Every structure is written in structure tokens, then in C-alpha cells.
Amino acid sequence: MELHQLSITELLDRYRSGAASPREAVESVLTAISNGDGTIGAYLSHGAEAALAAAENADTSLPLGGIPIAIKDAINVEGQTTTCASKFLENFNSPYDATVIAKLKAAGAIPLGKTNMDEFAMGSSTENSALGKTTNPWDTSRIPGGSSGGSAAAVAADLAIAALGSDTGGSIRQPASHCGCVGLKPTYGRVSRFGLVAFASSLDQIGPMTKTAEDAARVLQVIAGGDINDSTCLDEPVPDYLGALNQGVRGLRVGLPKEYFIDGIEPGVKAAVEAAVKELESQGAEIVEVSLPHTEYAVATYYIIATAEASANLARFDGVRYGHRSAIQPESIVEHYKNTRAEGFGEEVKRRVILGTYVLSSGYYDAYYLRAQKVRTLIRQDFTKAFENVDVIASPVAPAPAFKIGENADDPLKVYLEDIFTIAANLAGICGISVPCGFSDCKGSRLPVGLQLLGKPLGESDILRAAHAYQQTTDWHKARPFE
Ligand code: GLN
């Protein structure tokens, strides 16, 4: 195997035995990118020089010493562009490191490249990027999922050792599922959001996208923890995720929400997820039916709260201090805003800003935003109740495998429904992981399917340990698209 094909654990072993150096690994990833990223389109920029320079001085005794990591282009890396895949920020050069980047660097990791995404993380297919097209490595006529589609495609196609994504309603777990890699959304507040361009601040979390659950534990170990620059970040101690990995699932209570195993799930997805649950059972997990009765309201609730927060967060893009500024000479400041925002934002972003402004406007606030907040509480209570009985909840990540590029271009509502199994976790603030659990044959394509394991608030150890146990007896995570 070449270095770019390895996991973090394998690469660290090579470094520590002297069989490879960080410079060789960075070069291997860069070569893989120049050979393979023409068809995949995972990256918006590479930052090759900075990565090579960092590799020279990497201390391989550190937890992620010399490990190159791709970064979703919504996260600031000092001296590199942070575009959010938007024309608005196409030339924005970040003056500082996000907290997660500072923590990665302190742990010896090397940021390598910024990955494509849906503009401002709004979408489920990466088709809303204004700056490039990303394809699914398993079938390049299909979407990689989104919004962290570039990170997922890079990891799955061995164009990255590991990556960071962000998840507001599924944007780490869903592309991980569609591309066949691991994606972990931490509990809200587990990881600092400082330096992540805000989409919906009460839902956004940064998390790892990796080749194995063990690698996800390694990255989370480094990026988790309190931060004075993010007041919503929890100052709770960070447990030993790696140490807890090998405890197995004997006696672990796994809940199956009856509302999640519904008609309409593609048969190949259902079969793969059910087989994965059986595998956990055969390892000693106890399978229990649970109920999440407010599931049917999750999509509507999310698209009110997320758009409301987005409309407020995106108000800062006014063409005054940074980002795109219209060249048209305006008659007034309002006209300047209008021109700038009309030129800078793509269609989906505009749709969300309009929707979000509407649900917050006087006369509609009570009917939409306030009511959605109340339903959010009910959804959170569903999980609190279910977790009285079980340690983790298992479900599909998405109802069907990756769809064709362009297939849903005229139907945003259909794409919103992609999020049915992932967004409730964000509304409830709990953690979740997507783990490759098989393939579905879809009109001639063999497409990856993910198993979602949801955990209690700060229950990352439970979902990582179940995911790791599953990967000890299955090989789905080792499958590669080009074999
Ligand atoms: N697909 C969802 C949306 O479009 C979630 C996106 C995300 O998690 N960033 O809003």
C-alpha cells in the first residue's frame, strides 16, 4: 500500500518504526491529488507549500505527529483561503486558525488542502458549491453527498488520510455514508466552533471524517474540549476515547427507533443496516425497540430553525468590510447591499435567507420560529426518554444511496428529505457516527451504505466503541472504489 492509502493509525506506525517520514506521506497525498482529483474534485485548494514545510519539522511522537488532514473550506486555516465554496468569499484569506486547527497543529497534524462543500454548508450533495463540482468516487456520475462532500470524497478516494467536516443537519454523516468512510458529529459543544464560518449556530459542530472509527477517536481526542473563544463550547473533561475503544459491545443496549425503519427506505439500505444490527447483536449487544414519536416533524422544524439562524448569520456579508463587493456604483447603501448580495450568493443560499427572514418576521415569528423551538424541545425529549433505556440508537444515515448529479436539481424539497434520519440529532444536540456497513446495487452501480449510531450527550465513547467493535469483524470500511 502507498502512504496516501493508509489510515492515521497505520501511518503513525510507519513513522514510529522509521519506515516512512511525514514528508513522504505529504508528497504521497499530493501526488494522489494531482493524479486523481481531476475526476473527483474534492479540493478547492491544496496549501501544498505550507504542508511540505510543516512536514519537515513534524514531531512524530505527538498524537497526530506528521499526519496530513484535509479541511472543509468552512474552517479557517491561517494564511489560506476560506471560501465556503461561495463567490462571496472566493478571495478571502484567513487571518487566523480556527481553534480546531490550532489544536490539530499543536498535536502535530498538518492541514493539507481545503475541501469542496455546498455553499455555506447548505445542501446535501455538494452541487450547491459555486466553485467546483465534486463526484462520488464509487460512481462519478453521482453526488458525494454534502455538505462536506469534498472531505468525504477525499478520504474515500485515498486523496486524504483523514479530514474535518462540519455537521449542521447531517453534513458529516451523510456524505460519509454516501462515499463509504467514517464520519462523526460530536455532541453540540464538545468541539469549538471558533473559526468555523457560521451557518446555524445552535446546530453546527465540527467533526472528523476518517477511514476507521479508531482514527475518528484519535482526531476527536485532539479537537474536543472547552474554548474561551466559543461560549457554547463545553468545558467538560475529555475522556480517553482511544482507551475506551476496545471494550466491545457485550451488554451494550442498542435501540432501534420504530419511526426510522419506514417504508420508502431503499431495500439495499434497509438490508445492509439490518445486517449490521445483527452483527452487533451477535457480538453481545442487546437490541431493543425504541420510539422517537416526533420524528415526522424534524425536517420541518430544522428548516425553520436553520434558515432563521442562517439569515441572521449571513447578514454580515454586506460587501463593506470583507468578501465580495459589487462594482456597480450604488445610489444608496441599501442598493449596495442588494447588488452585492445578489451577485455574491448562490440560489440555495438566497432561498434560505429569504425563508429564514420570513419565519423571523413580525407576525410570523410566533407561528413558525417560536413553534419550531417548542417542537425542538419535544424532539430533544424523545431522545432523553429513549436513552433512559438504551446506550446507543442505530438507524440508516440516509434513506437511499447517492443520487445522480443533477437528478434533484429542480426539487429542493426532495433534497431536504434526504436529512430525515440525521437532523434530529442536531436539533437534540446529541452525537452520532456514520460507519460503512455494506453496499446497495443501484441501477448498475455498487454504492456504499452507512450505519448511523447515535449517542447520548457526551456519549462519544459509546458510539466509537460500538463502531470500532463492528469494524473488528467486518471489512466494509476497507473496500476502496478503484479496486
Ligand atoms: N442538508 C442539510 C442542509 O442542507 C444539512 C447541511 C449541514 O449539515 N451543513 O441544511
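Residues numbered from 1 in each chain as written. Predicted model: local features only at pLDDT ≥ 70, side-chain atom pairs only at ≥ 80, totals over all residues. Heavy atoms only, no water.

Asks: Looking at this structure, I do not really get the packing of aromatic side chains. What am I missing?
Replies: In this structure the tally under the stated criterion is 18 aromatic pairs. Residues phenylalanine 92 and tyrosine 322 carry aromatic rings whose centres are separated by 5.5 Å and whose planes lie at 40° to one another, so their mutual orientation is tilted. Placement of the pair is phenylalanine 92 in the loop between strand E2 (68-72) and helix H4 (99-106) and tyrosine 322 in the loop between helix H10 (298-313) and helix H11 (333-344), with a sequence separation of 230 residues. With a centroid separation of 5.2 Å and 35° between ring planes, the pair formed by tyrosine 96 and phenylalanine 194 is classed as tilted. With tyrosine 96 in the loop between E2 and H4 and phenylalanine 194 in the loop between strand E5 (182-185) and strand E6 (205-210), this residue pair connects regions lying 98 residues apart in the sequence. With a relative accessible area of 31%, tyrosine 96 lands in the partly exposed category. Through a chain of ring-to-ring contacts, the aromatic side chains of Phe88, Phe92, Phe120, Phe317, Tyr322 and Phe345 assemble into a single cluster. (Phe/Tyr/Trp six-rings, centres within 6.5 Å; stacked < 30°, edge-to-face > 60°. Helix = DSSP H or I, 4+ residues; strand = E, 2+ residues; numbered from the N terminus. Buried < 20%, exposed > 50% of the residue type's maximum accessible area, 1.4 Å probe, protein only.)

Asks: Please explain the sheet that holds strand E3 (residues 110-115) as it appears in this structure.
Replies: The pairing of strands in a sheet happens through backbone hydrogen bonds and is either parallel or antiparallel. Across the sheet, 11 strands lie side by side as E1-E3-E2-E4-E6-E5-E10-E11-E9-E7-E8; this open sheet has mixed pairing. Bordering the open sheet on either side are strand E1 (43-45) and strand E8 (286-290), each of which pairs with just one other strand. Going across the sheet, the axis of each strand differs from the next one's by a mean of 35°, ignoring polarity. (Pairing = 2+ DSSP bridges. Axes fitted to C-alpha atoms, helices over the stretch in contact; angles between N-to-C directions.)

Asks: Is there a simple way to think about the nonpolar core in this case?
Replies: The tendency in soluble globular proteins is for nonpolar side chains to be buried as a group. With 142 residues, the main nonpolar core has Leu104, Phe120, Leu164, Phe383 and Leu453 as its most contacted residues. For this core, the element with the most residues is H10, which contributes 9 residues. In this structure leucine 104 touches Leu64, Ile69, Ile71, Ala109, Leu164, Val219, Val222 and Ile223, once residues within four positions along its chain are discounted. Trp138, Cys442, Leu447 and Ala479 belong to the second largest nonpolar core, which has 5 residues in total. (Core = buried A, V, L, I, M, F, W, Y, C linked by side-chain atoms within 4.5 Å. Contact = heavy atoms within 4.5 Å.)

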